[in-house]
Amino acid sequence: MIIQLCGLSGAGKTTIAKNVQRKAAAYGTPIEIIDGDSYREFLCRDLGFSKEDRCENIRRLGFVASRLSSYGIVSIISAINPYEAIRQELSASYTHVKTVFIDCAVDELIARDTKGLYKRALLPDGHPDKLSNLTGINDPFEVPSQPDLHLHTDEQSITACTNLFLQFIIQSLALQQAKYASVASN
Ligand code: ADP
């Protein structure tokens, strides 16, 4: 199974994915987190933050996820993933792809600002430290039309979000296995 996360910087994608990975290990469920920031340092080093490059980034992460997923590893793509067309392309390209929206109000993200990115994006135009392509501030984020799971990290605790995500994965895997079992018995 491939799970493509989407959500603004600081929404909680990494935090929740890591918690779920740790908890799922206790069930013997292997999870790999395909972290957008890490892959940008290696496999996607040539890509920037234009729409085309952000989409190509997701395409490459999706390919890696599909290879791991074919060995039964639950592959979580953790990236901002802001465009609906590429999310839908990924869903159509591979089997068992789920979209999970890690949602958080921008005001709360500005208050959290764990990486200092919002402060930089909100600097006046012309300031040398200004970030001009921060998703949700001065770069687009298209809200997913029909996510398979929608978590609100500004309304629910980290523990609650983690548990909801873990339940979702366990239920999705059970459904997937039931489908295989019914195909095998026909
Ligand atoms: P992202 O990977 O989406 O950029 P991070 O997981 O790196 O986001 O950062 C999210 C920050 O928000 C962390 O500091 C985390 O402790 C905090 N946080 C507060 N509430 C939540 C929540 N319900 N779920 C996830 N993170 C939360």
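Keep in mind it's a predicted model, so treat the numbers as computed, not measured.

S.K.: Explain the site of the ligand to me, please; I cannot follow it from the model alone.
M.R.: Every one of the 17 residues lining the ligand counts as a neighbour, but Gly10, Lys13, Thr14, Thr15 and Gln156 are closest to it. In this structure, an oxygen atom belonging to the ligand sits 2.6 Å away from a side-chain N or O atom of threonine 14. At a separation of 2.7 Å, a nitrogen atom of the ligand approaches a polar backbone atom of glutamine 156. For the ligand, the protein covers 79% of the area, taking 570 Å² as the surface of the free molecule. Put simply, the parts of the chain that give the shell around the ligand at least two residues each are helix H1 (13–25) and helix H7 (158–185). Of all the elements, H1 adds the most residues to the shell around the ligand, at 4 residues. Taken together, the residues of the shell around the ligand break down into 5 nonpolar, 9 polar and 3 charged.

S.K.: Where do I start with the sheet that holds strand E1 (residues 2–6) in this structure?
M.R.: To summarise the sheet geometry, strands pair through backbone hydrogen bonds and adopt either a parallel or an antiparallel arrangement. The strand order across the open sheet built from 5 strands is E2-E3-E1-E4-E5, with neighbouring strands paired in parallel fashion. Edge positions in the sheet fall to strand E2 (31–35) and strand E5 (149–152), since each has one partner strand and no second. The mean inter-strand angle of the sheet, taken between neighbouring strand axes irrespective of direction, is 20°. Here E1 runs beside strand E4 (residues 97–103); their pairing, made up of 5 bridges, is parallel. Across the sheet, leucine 5 pairs through a bridge with valine 100, a residue of E4. Relative to the sheet, H1 contacts E1, E2, strand E3 (74–78), E4 and E5, its axis offset from that of E2 by approximately 160°. Helix-sheet contacts for helix H3 (residues 51–69) involve E1, E2 and E3, and the interaxial angle to E3 is about 165°.

S.K.: What am I meant to see in the pairing of E2 here?
M.R.: Consecutive residues of a regular strand have side chains that alternate between opposite faces of the sheet. The element E2 is extensively covered by neighbouring structure, given that 4 of its 5 residues are classed as buried. Where E2 and E3 come together, 5 bridges link them in parallel fashion. Directly across from glutamate 32, in E3, lies its bridge partner serine 75.

S.K.: Whenever I open this one, the pairing of E1 confuses me. Can you help?
M.R.: The element E1 is extensively covered by neighbouring structure, given that 5 of its 5 residues are classed as buried. By the alternation rule, side chains of E1 split into Ile2, Gln4 and Cys6 and Ile3 and Leu5, which are all buried. The sheet contact formed by E1 and E3 spans 3 bridges and is parallel. Note on E3: the bridge partner recorded for glutamine 4 is isoleucine 77.

S.K.: Looking at this model, I keep getting lost on helix H4 (residues 84–93). Mind explaining?
M.R.: Residue pairs three or four apart in sequence face the same way in an α-helix, which turns once every 3.6 residues. Taken as a whole, H4 has its buried residues at Glu84, Ile86, Arg87 and Leu90. Buried positions along H4 lie against E1, H3, E3 and E4.

S.K.: Even after reading the chapter, I still don't get the environment of glycine 10, so can you show me in this structure?
M.R.: Tracing the chain through its elements places glycine 10 in the loop between E1 and H1. We classify glycine 10 as partly exposed; its relative accessible area is 24%. A sequence separation of 103 residues divides glycine 10 from aspartate 113, and the C-alpha atoms of the two residues are 6.8 Å apart.

Calculation criteria
- Residues numbered from 1 in each chain as written.
- Predicted model: local features only at pLDDT ≥ 70, side-chain atom pairs only at ≥ 80, totals over all residues.
- Heavy atoms only, no water.
- Near = heavy atom within 4 Å.
- Polar contact = N/O pair within 3.5 Å; in protein donor to acceptor, adjacent residues only side chain to side chain.
- Areas by Shrake-Rupley, 256 points an atom, 1.4 Å probe, with all protein chains shown as cover.
- Helix = DSSP H or I, 4+ residues; strand = E, 2+ residues; numbered from the N terminus.
- Nonpolar A, V, L, I, M, F, W, Y, C, P; charged D, E, K, R; others polar.
- Pairing = 2+ DSSP bridges.
- Axes fitted to C-alpha atoms, helices over the stretch in contact; angles between N-to-C directions.
- Contact = heavy atoms within 4.5 Å.
- Buried < 20%, exposed > 50% of the residue type's maximum accessible area, 1.4 Å probe, protein only.

In short, geometric facts, not functional conclusions.
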